[in-house]
Amino acid sequence: MGAERLTLRSMSEHDADARAAAELAARASYGRLLATLAAGTGDVTVAEDALADAFEQALRRWPNDGVPASPEGWLLTVARNRQRDEWKSARHRLAATLEGIEVPAMDSPARTAFPDRRLSLLLTCAHPAIAKDIRTPLMLQTVLGFDAAQIGAAFAVPAATMAQRLVRAKRRIRDAGIPFELPGPEALASRLPSVLEAVYGCLSIAAPAGTVDSVQGVPAPRPTVAEGLFLAELVADSLGNDAESWSLAALAAFLLSRPVGGTYVPLEEQDPGSWNTGLLRRAEVYLRKASDVTSESGDHATPGRFQLEAAIQAVHADRVRAGRTEWTVLATLHAALNLVAPTLGSKVAEAAVIRRADGPLAALRRLNDLAEQHPQECERFQPYAVARADALRSAGNFEAAAECLERALHLTADEAVRAHLRTQLEAVRARLKP
Amino acid sequence: MRYTLLLHYPEMSPEELGPEVLAQGQEAMRSYAATLQQAGVLLGAEVLQPSHASTTVTVRDGKLRIQDGPFSDTKEQLGGYFVLDVPNLDAALDWAGRAPGAQWGTVEIRPGATHTVDGVWVPNG
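Remember, predicted model here, so these are calculated numbers, not experimental data. (Residues numbered from 1 in each chain as written. Chains lettered and ligands numbered in written order. Predicted model: local features only at pLDDT ≥ 70, side-chain atom pairs only at ≥ 80, totals over all residues. Heavy atoms only, no water.)

## Here's the deal with the pattern of salt bridges
Basically, it comes down to this: In what follows, salt bridge is the name for a side-chain nitrogen of Lys or Arg lying within 4 Å of a carboxyl oxygen of Asp or Glu. Every helix listed is a DSSP run of H or I at least four residues long, and every strand listed is a run of E at least two residues long, numbered separately from the N terminus. Any residue under 20% of the maximum accessible area for its type is buried, any over 50% is exposed, and the rest in between are partly exposed; the area is computed with a 1.4 Å probe on protein chains only.
The tally for this structure, following the rule as stated, stands at 17 salt bridges over all chains. With a shortest N-O distance of 4.0 Å, R407 of chain A and E379 of chain A are connected by a salt bridge. Here E379 of chain A lies in helix α18 (residues 375-379) and R407 of chain A lies in helix α20 (residues 398-411), a separation of 28 residues in the sequence. Residue R407 of chain A is classed as partly exposed on the basis of its relative accessible area, which comes to 23%. Put simply, D94 of chain B and R98 of chain B hold a salt bridge, and the shortest N to O gap is 3.1 Å.

## Focus: the packing of helix α15 (residues 327-340) of chain A against helix α16 (residues 344-358) of chain A
Residues and elements named next belong to chain A. Which entries qualify depends on this criterion: Interaxial angles span 0 to 180 degrees and are taken between N-to-C directions of axes, which are lines fitted to C-alpha atoms, for helices over the stretch in contact. Note on angle classes: values under 35 degrees are labelled roughly parallel, values over 145 roughly antiparallel, values of 65 to 115 roughly perpendicular, and the remainder oblique. Two helices crossing with the near one rotated counterclockwise from the far one by less than a right angle form a left-handed crossing, whereas a clockwise rotation gives a right-handed crossing. Note on definitions: a residue-residue contact is assigned when non-hydrogen atoms from the two residues lie within 4.5 Å. Any residue outside Ala, Val, Leu, Ile, Met, Phe, Trp, Tyr, Cys, Pro, Asp, Glu, Lys and Arg is labelled polar, Gly included; the first ten of those are nonpolar and the last four are charged.
Axis separation between α15 and α16 bottoms out at 9 Å; the angle between their running directions is 155 degrees. With respect to α16, the axis of α15 lies roughly antiparallel. Read as a crossing pair, α15 and α16 show a hand that is left-handed. Contacts from W327, T328, L330, A331, H334, A335, L337 and N338 of α15 reach α16 at S346, K347, A349, E350, V353, R356 and A357. Taken together, the residues of the contact of α15 with α16 sort by class into eight nonpolar, four polar and three charged.

## Description of the interface of chain A and chain B
With eleven residues of chain A at the interface, the matching set in chain B holds ten residues. Here chain A and chain B share zero salt bridges between them. Partitioning the side of chain A that touches chain B into residue classes produces six nonpolar, two polar and three charged.

## With respect to the nonpolar core
Looking at soluble globular proteins, one finds that nonpolar side chains tend to be buried together. How we decide: Nine residue types can take part in a nonpolar core, namely buried Ala, Val, Leu, Ile, Met, Phe, Trp, Tyr and Cys, and a core is a set of them joined through side-chain atoms within 4.5 Å.
Judged by nonpolar contacts, the single largest core of 98 residues is most densely connected at L51, L75, L122 and L248 of chain A together with L5, F82 and L84 of chain B. Counting residues per element, this core draws most heavily on helix α9 (residues 185-205) of chain A, which supplies ten residues. A363, L364, F381 and L405 of chain A belong to the second-largest nonpolar core, a separate cluster that totals 28 residues.

## With respect to the packing of aromatic side chains
Rules: Planes of paired rings set the category: under 30 degrees apart is stacked, over 60 is edge-to-face and the rest tilted, where pairs are Phe, Tyr or Trp rings (Trp by its six-membered ring) whose centres lie within 6.5 Å. Over a ring means this: the NZ of a Lys or the CZ of an Arg is within 6 Å of the ring centre and within 35 degrees of the ring normal.
If you walk through the whole model with that rule in mind, you get four aromatic pairs over all chains. Taking 5.3 Å as the distance between ring centres and 45 degrees as the angle between the ring planes, the aromatic pair formed by Y200 of chain A and F306 of chain A counts as tilted. Residue Y200 of chain A is found in helix α9, and its partner F306 of chain A is found in helix α13 (residues 305-317); the two are separated by 106 residues along the sequence. Accessibility assignment for this pair places Y200 of chain A and F306 of chain A in one class, buried. Positioned above the aromatic ring of W95 of chain B is the side chain of R98 of chain B, whose terminal nitrogen or guanidinium carbon lies 4.4 Å from the ring centre.

## Some words on the sheet that holds strand β1 (residues 2-10) of chain B
Residues and elements named next belong to chain B. Operational definition: By the convention used here, strands pair only if DSSP detects at least 2 bridges between them.
Within the open sheet, the four strands sit side by side as β2-β5-β1-β6. Their pairing is antiparallel. Pairing within the sheet leaves two strands with one partner each, and these edge strands are β2 (42-47) and β6 (106-111). Each neighbouring strand pair of the sheet contributes to a mean axis angle of 20 degrees, computed without reference to strand direction. For β1 and strand β5 (residues 76-85), the ladder comprises nine bridges, and the chain directions are antiparallel. When the sheet's bridge partners are listed, Y9 is paired in β5 with Q77. Strand contacts of helix α3 (residues 89-98): β1, β5 and β6, with the helix running at about 155 degrees to β6, the strand carrying the most contacts.

## Thoughts on the pairing of strand β4 (residues 63-68) of chain B
Residues and elements named next belong to chain B. Across the six residues that make up β4, only a small minority, zero, are buried. Where strand β3 (residues 55-60) meets β4, six bridges bridge the pair, whose relative direction is antiparallel. Its bridge partner lying in β4, T55 is registered against D68. A loop of two residues connects β3 with β4, the two strands running antiparallel in sequence, and D61 in this loop sits at a positive phi of about 50 degrees.

## Comments concerning the environment of E403 of chain A
All names here are of chain A. For E403, the location among the structural elements is in helix α20. You can call E403 exposed: its relative accessible area is 53%. Placed 26 residues apart in sequence, E403 and R429 show a C-alpha to C-alpha distance of 10.0 Å.

## Here's the deal with helix α21 (residues 415-432) of chain A
Residue and element names in this part refer to chain A. Quick note on the threshold: Every helix has an expected span of 1.5 Å times one less than the residues it contains. By construction, the arc corresponds to the directions joining the helix axis to the C-beta atoms. Side-chain atoms alone can form a polar contact between residues adjacent in sequence; in general such a contact is a pair of N or O atoms within 3.5 Å, and within protein one must be able to donate a hydrogen while the other accepts it.
For α21, with 18 residues, the first-to-last C-alpha span of 25 Å sits near the 26 Å given by 1.5 Å per residue. Listed as buried for α21 are V417, H420, L421, L425 and V428. Along the axis of α21, the buried residues cluster in a sector spanning 140 degrees; they form a single face. Close packing links the buried residues of α21 with α19 (382-395) and α20. At the N-terminal boundary of α21, the capping side chain belongs to D414, with an oxygen 2.9 Å from the backbone nitrogen of A416.

## Things to note about a nonpolar patch on the surface
Selection criterion: Patch criteria: residues need more than 30% relative accessible area and no salt bridge. Like-charged residues are merged within 9 Å; nonpolar side chains of Val, Leu, Ile, Met, Phe, Trp and Tyr are merged within 5 Å. Accessible surface is estimated by sampling points in the Shrake-Rupley manner with a 1.4 Å probe; for residues, cover comes only from the protein chains shown.
A grouping of V57, V59, L64 and I66 of chain B is seen on the molecular surface, where their side chains present a nonpolar patch of about 390 Å² in accessible area. Those elements that provide at least two residues to the nonpolar patch are β3 and β4 of chain B.

## Things to note about the packing of helix α12 (residues 277-296) of chain A against α13 of chain A
All names here are of chain A. Two numbers describe how α12 lies on α13: the axes approach to 11 Å, and their chain directions differ by 140 degrees. In terms of orientation, α12 lies oblique with respect to α13. In terms of crossing hand, the pair formed by α12 and α13 is left-handed. Residues L280, L287, A290, S291 and T294 of α12 form the contact with α13, whose own contacting residues are Q307, A310, A311, A314 and A317. Per-class residue counts for the contact of α12 with α13 are seven nonpolar, three polar and no charged.

## Quick notes on the confidence of the model for chain B
Cut-off, in case you're wondering: Each residue carries a pLDDT score, the predictor's confidence in it, ranging from 0 to 100.
Overall, the predicted model of chain B reaches an average pLDDT of 93, with 100% of residues at or above 70. Taken over the whole predicted complex, pTM reads 0.63, whereas the ipTM for its chain interfaces reads 0.79.

Here it is as structure tokens:
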């Protein structure tokens with residue numbers, strides 16, 4: 001909700017600096033500010049509203065008054081005032097009075113064991129008293145700043161349904177008195193999977209740079225993949241010997257190593273020379289740490305989901321050295337991934353790899369099976385349409401491929417991807433002409 | 001924050017339990033209540049008679065309808081409740097886990113909304 005309201009104010013062309021400063025603060029600090037505001041009160045919704053108001057004010061006042069020396073401090077102060085006003089209103093009943101709430105300053109030395117309060121907030125969202133299927137969506141919204149529509153799309157749930165579930169979850173956190181406190185080390189282990197899933201969501205949902213908001217035509221402030229990398233590293237560092245969090249950090253580094261913005265280029269067509277070698281090295285270090293942990297824990301330890309995903313990315317990245325993509329190896333890894341953590345997305349991805357490794361007919365058999373098992377989800381799942389179109393085209397069925405591409409276009413919001421799909425559609429249509 | 005712990009368990013008669021188990025259960029309850037009191041979190045508690053002693057009442061179309069037996073005919077019945085004042089849900093969860101009822105039944109933890117003070121409803125929190 002907060003990120004959306006940011007773009008509703010009109011902005012003058014000349015206020016680029018102020019706008020950029022506000023957006024930078026939004027991208028880098030949303031979660032941290034929210035965590036600081038929500039701590040001690042348990043009411044995430046009030047904190048979100050207060051923060052959204054603060055951002056609105058920033059966008060209104062900074063162009064005139066200048067960007068403050070500490071943009072985050074400014075936002076926090078304004079948001080806290082707004083929070084107090086909200087509490088005084090009779091609508092909100094809270095357990096603690098304002099005077100009793102300890103809200104440590106962001107840079108205060110009185111720190112918890114975790115250096116970043118976002119991690120605390122993430123762990124709170126994974127509290128056992130919160131329903132399992134809403135934990136990750138909650139983290140994505142409250143800590144990472146995604147909106148209900150984006151989260152809904154990621155979970156193949158309609159936006160309105162997801163919005164309602166999130167509202168109910170936050171109400172429950174407040175009403176049931178679920179505290180914003182760090183869990184002890186035992187609880188940490190049980191809550192970690194949800195946190196990793198949320199960080200992973202940040203990587204897969206994060207819009208590439210250059211995406212514009214359709215309402216105002218200005219860059220929409222959304223968490224970047226860099227934020228996902230930072231959080232993954234934070235978790236991995238905090239735990240030390242958890243293979244999955246190191247794997248997730250590796251995955252983030254691989255994803256971040258590729259340039260974004262401008263034209264959309266599918267991974268296997270990208271120029272490996274354009275990939276950031278520093279990040280690729282980092283990714284390999286993290287992957288090494290993960291496999292060291294796995295091998296220390298004994299023979300035949302099953303690789304986890306993120307370890308497999310990172311391995312998949314490593315194979316793609318290996319094109320720098322090998323000169324081609326090892327599709328057969330990828331097919332094996334994708335198959336393993338679908339044993340460990342099957343999702344519609346991962347099954348579609350496997351089918352796409354099978355098209356390369358075993359040919360389009362094998363891929364279409366997989367895709368047909370999927371459509372039989374999940375007819376409605378496949379119908380509105382963009383990657384499914386893309387994979388199917390690709391297989392059909394490869395099989396020479398250009399008419400059906402064109403239909404699928406049209407459906408894919410219908411399901412795609414990202415302009416760069418749409419341009420790519422349109423090019424493909426034109427090429428396919430050209431094959432249709434007698 | 002005020003929380004009510006509702007204890008649900010399958011009912012067994014004293015004969016079914018036997019004197020030893022019965023005595024253990026009573027001692028567990030005594031100890032639990034004392035611990036809660038010691039911690040300063042106990043606002044009140046009551047163990048109810050078994051559900052066969054219940055009578056239900058509804059008023060429909062201006063008529064009072066009376067029926068023998070409890071509200072719902074389930075295997076696990078409401079056996080008693082504790083009203084606690086603790087800082088947050090984690091504290092309530094901790095106490096609920098230690099309630100004697102947790103071992104042989106289910107404890108539902110419900111935060112209170114309003115309560116009476118001298119007959120007047122006062123919002124919680």
